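In case you want the letters, here they are:
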Amino acid sequence: MSETISLDELARTIRLSTSYFSTAFKVSFGMSPHNYILSRRIGHAKLRMIESDAPLCEIALDCGLADQAHLCRVFRRITGTTPSSWRRLAAHPDASDAASLRSAA
């Protein structure tokens, strides 16, 4: 998760051209390979925030993001909220929010 994943490497792994792989991936998963990887990284960040008290800068690096600011930008774009707000809500959820947070991680 913390390493760079290039589209060319992914395509070569399954012996497809980069453009064909990208198109086939989007048809299969409903999003580009880049957005899929970002969503997986944010999912990993959510788990880390629930399971530890690690600072966001450490979680960002562990998830393969450049820094805390990058984590915050991507996290907000995908979830609609900031990592710190999400973490606070996950730490003290209402009964109605608990199930949705756990399933979203």
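See the structure printed just above.
Summary of the structure given here. If you're wondering where the values come from, they're calculated on a predicted model, not measured in any experiment. (Residues numbered from 1 in each chain as written. Predicted model: local features only at pLDDT ≥ 70, side-chain atom pairs only at ≥ 80, totals over all residues. Heavy atoms only, no water.)

## Quick notes on the overall build of the chain
(1) Moving on: If you tally the helices and strands in the chain, you get seven helices and zero strands.
(2) Moving on: Mapped in sequence order, the helices and strands of the chain form the string α-α-α-α-α-α-α.
(3) Moving on: Burial analysis of the chain (105 residues in total) assigns 25% to the buried set.
(4) Moving on: Contacts spanning at least 24 positions in sequence make up 50% of the contacts within the chain whose residues lie at least 6 apart. (Helix = DSSP H or I, 4+ residues; strand = E, 2+ residues; numbered from the N terminus. Buried < 20%, exposed > 50% of the residue type's maximum accessible area, 1.4 Å probe, protein only. Contact = heavy atoms within 4.5 Å.)

## Regarding the nonpolar core
Nonpolar side chains in soluble globular proteins generally cluster together in the buried interior.
(1) Moving on: Ranked by internal contacts, the top residues of the largest apolar core, which has 15 residues, are Ile42, Met49, Ile59, Leu65, Leu71 and Phe75.
(2) Moving on: Looking at this core, the elements that each hand over two or more residues are α3 (33-51), α4 (56-62), α5 (68-79) and α6 (83-91).
(3) Moving on: At four residues, α3 tops the list of elements feeding residues into this core.
(4) Moving on: With near-sequence residues (within four places) excluded, isoleucine 59 lies in contact with Ala45, Arg48, Met49, Ala54 and Arg87. (Core = buried A, V, L, I, M, F, W, Y, C linked by side-chain atoms within 4.5 Å.)

## Regarding the layout of surface pockets
(1) Moving on: The computed volume of the largest pocket comes to approximately 180 Å³.
(2) Moving on: Ile5, Ser6, Leu7, Leu10, Pro33, His34, Ile37, Leu38, Arg41, Gly64, Leu65 and His70 together form the lining of the largest pocket.
(3) Moving on: Mapped onto the lining of the largest pocket, the elements with two or more residues apiece are α1 (7-13) and α3.
(4) Moving on: Ranked by the residues each element gives to the lining of the largest pocket, the list is headed by α3, at five residues.
(5) Moving on: In the lining of the largest pocket, the residues fall into seven nonpolar, four polar and one charged. (1 Å grid on protein atoms, 1.4 Å probe; cavity = no way out; pocket = protein on both sides within 12 Å on 5 of 7 lines; lining within 4 Å. Points joined across faces, edges and corners; volume = space filled by probe spheres on them. Nonpolar A, V, L, I, M, F, W, Y, C, P; charged D, E, K, R; others polar.)

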